Amino acid sequence: MNEGVVVIGAGGGIGQALVAHWLATGGGPVIAVSRQPAPFGCDDPRLHWLRCDYSDQQMADVVARIATLAPRPHRLVICNGVLHQGGIKPEKRLEALDVEAMTSLYQTNALLPLRWINQLLPLLGASPCTLAVLSARVGSIGDNRAGGWYGYRASKAALNMLLKCAAIELARRAPGVKLLAFHPGTVDTQLSRPFHANVPDGSLQTPEQVARHLVSLMAGLIPDGELSYLDWQGKTIEW
Ligand SMILES: NC(=O)c1ccc[n+]([C@@H]2O[C@H](COP(=O)([O-])OP(=O)(O)OC[C@H]3O[C@@H](n4cnc5c(N)ncnc54)[C@H](OP(=O)(O)O)[C@@H]3O)[C@@H](O)[C@H]2O)c1
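Below you will find a few notes about this structure. Just so we're clear, the structure is a prediction, and the values are computed from it rather than from any experiment.

**Observations concerning the overall build of the protein chain**
- A count of helical and extended segments in the protein chain gives 5 helices and 7 strands.
- Put simply, the protein chain runs from its N terminus to its C terminus through helices and strands in the order β-α-β-β-α-β-α-β-α-β-α-β.
- Taking the principal axes of its C-alpha atoms as reference, the protein chain extends roughly 50 × 40 × 35 Å.
- Per-residue burial over the protein chain gives 47% buried out of 239 residues.
- For the protein chain, restricting intrachain contacts to residue pairs at least 6 apart in sequence, the fraction spanning at least 24 positions comes to 69%.

**What about the site of the ligand?**
- Around the ligand, 31 residues are found, and the nearest of them are Q36, Y54, Y152, T189 and Q190.
- In the environment of the ligand, an oxygen atom lies 2.6 Å from a nitrogen or oxygen atom belonging to the side chain of T189.
- Only α1 (13–24), α3 (99–120) and α4 (150–173) provide two or more residues apiece to the shell around the ligand.
- Its residues assigned to classes, the shell around the ligand shows 12 nonpolar, 17 polar and 2 charged.

**Quick word on α3**
- Look at α3: 30 Å from first C-alpha to last across 22 residues, which is about the 32 Å you get at 1.5 Å a residue.
- Along α3, the residues that are buried comprise A101, L105, N109, A110, L112, P113, W116, I117, Q119 and L120.

**Observations regarding unusual backbone geometry**
- We note that Y54 has phi near 65 degrees; this positive angle belongs to a residue other than glycine.
- Structurally, Y54 is set in the loop between β3 (47–51) and α2 (56–69).
- The exposure class of Y54 is buried, given its relative accessible area of 11%.
- If you check the backbone angles, W149 has positive phi at about 50 degrees while not being a glycine.
- Structurally, the position occupied by W149 is in the loop between β5 (129–134) and α4.

**Points about the packing of α1 against helix α5 (residues 207–219)**
- Running from N to C, α1 and α5 cross one another at 65 degrees; their axes reach a closest spacing of 8 Å. Two packed elements cross with a definite hand, and for α1 against α5 that hand is right-handed. Residues G13, I14, A17, L18, H21 and W22 of α1 touch α5, and the partners they reach there are P207, E208, A211, R212, L214, V215 and M218.
- For the contact of α1 with α5, the residue count by class is 9 nonpolar, 2 polar and 2 charged.

**Overview of the packing of α3 against α4**
- Viewed as axis vectors pointing N to C, α3 and α4 meet at an angle of 20 degrees, and their least axial separation amounts to 8 Å. Considering the angle they form, α3 stands roughly parallel to α4. Judged by the sense of rotation from one axis to the other, the crossing of α3 with α4 is right-handed. On α4, the residues touching M102, L105, Y106, N109, A110, L111, P113, L114 and I117 of α3 are Y150, G151, Y152, S155, K156, A158, L159, L162, L163, A166 and L170.
- Grouping the constituent residues of the contact of α3 with α4 by class yields 16 nonpolar, 3 polar and 1 charged.

**Thoughts on the pairing of strand β2 (residues 30–34)**
- Counting buried positions along β2 yields 5 of 5 residues, so the element is predominantly enclosed.
- Because side chains alternate across β2, one face comprises the buried residues V30, A32 and S34, and the other comprises I31 and V33, equally buried.
- One ladder, built from 4 bridges, connects strand β1 (residues 5–8) with β2; its direction is parallel. The residue of β2 that forms the bridge with I8 is V33.

**Notes on the pairing of strand β7 (residues 227–231)**
- Counting buried residues in β7 gives 5 out of 5 residues, a clear majority hidden from the surface.
- Burial along β7 is two-sided: the face carrying L227, Y229 and D231 and the face carrying S228 and L230 are both buried.
- Across 5 bridges, strand β6 (residues 177–183) lies against β7 in parallel orientation. If you follow L179 over to β7, its bridge partner there is L227.

The rules behind the values
Residues numbered from 1 in each chain as written. Predicted model: local features only at pLDDT ≥ 70, side-chain atom pairs only at ≥ 80, totals over all residues. Heavy atoms only, no water. Helix = DSSP H or I, 4+ residues; strand = E, 2+ residues; numbered from the N terminus. Buried < 20%, exposed > 50% of the residue type's maximum accessible area, 1.4 Å probe, protein only. Contact = heavy atoms within 4.5 Å. Near = heavy atom within 4 Å. Polar contact = N/O pair within 3.5 Å; in protein donor to acceptor, adjacent residues only side chain to side chain. Nonpolar A, V, L, I, M, F, W, Y, C, P; charged D, E, K, R; others polar. Expected span 1.5 Å × (residues − 1). Axes fitted to C-alpha atoms, helices over the stretch in contact; angles between N-to-C directions. Left-handed = near helix turned anticlockwise from the far one by under 90°. Parallel < 35°, antiparallel > 145°, perpendicular 65-115°, else oblique. Pairing = 2+ DSSP bridges.

Next up, the structure:
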């Protein structure tokens, strides 16, 4: 039985591609959560587009709606993440550090996914569910050879640690859940667009390609009480 899928941060490049993929491949309800209005004129009755400003109250209201539409979702993906926005830019050197910008990155990239997991807890029971959070390879401490991007790297490393703690707790409280910290590769979205000059030829992926990789990766994972940190090829990334 297909119990439905939930995409949080569905207005971004990867989020939109996931929603489109799941609508195109059939199955149960597709629930999209975003600050933004639905970006395409889609009249598929399986799509439920829920607006949310990511305040505690609106997140709780969204989860209550999800509970009526898909009380036992079997796939959840949290896409929220910021690299640059307004005055926030990836730092190249220590002099560029800005506490306000770093705090904002930490809130969106690390705390918001954990706040979602907290809110979604009542939907996460014993039935199998894979919950993927968009992390990034640059959150790996062991893999950090280039430095820079202090705020983004640190917020994704913090995300990975928070997800590890959640995996340990969920193993006890919701043993059907498999947690995945996912690196999508470099994907052609507005997040990566200013940095495409540094991407080797042929390694930029479309959001549609990444959506396919993630969906097939999630299908192969089984709940084991662990957090997996995998790239789009299914390869483990060092912490
Ligand atoms: N593109 C890449 O090359 C790449 C590489 C590694 C990791 N990632 C990760 O993949 C995820 C999706 O990124 P994308 O490439 O699809 O980028 P995108 O098109 O810029 O999407 C941004 C995402 O972040 C959310 N968001 C943006 N500003 C926010 C804010 N102030 N507060 C809360 N949520 C906010 C958006 O949610 P709404 O729907 O609410 O707007 C959307 O889900 C991110 O976590 C990113 O770090 C991307």
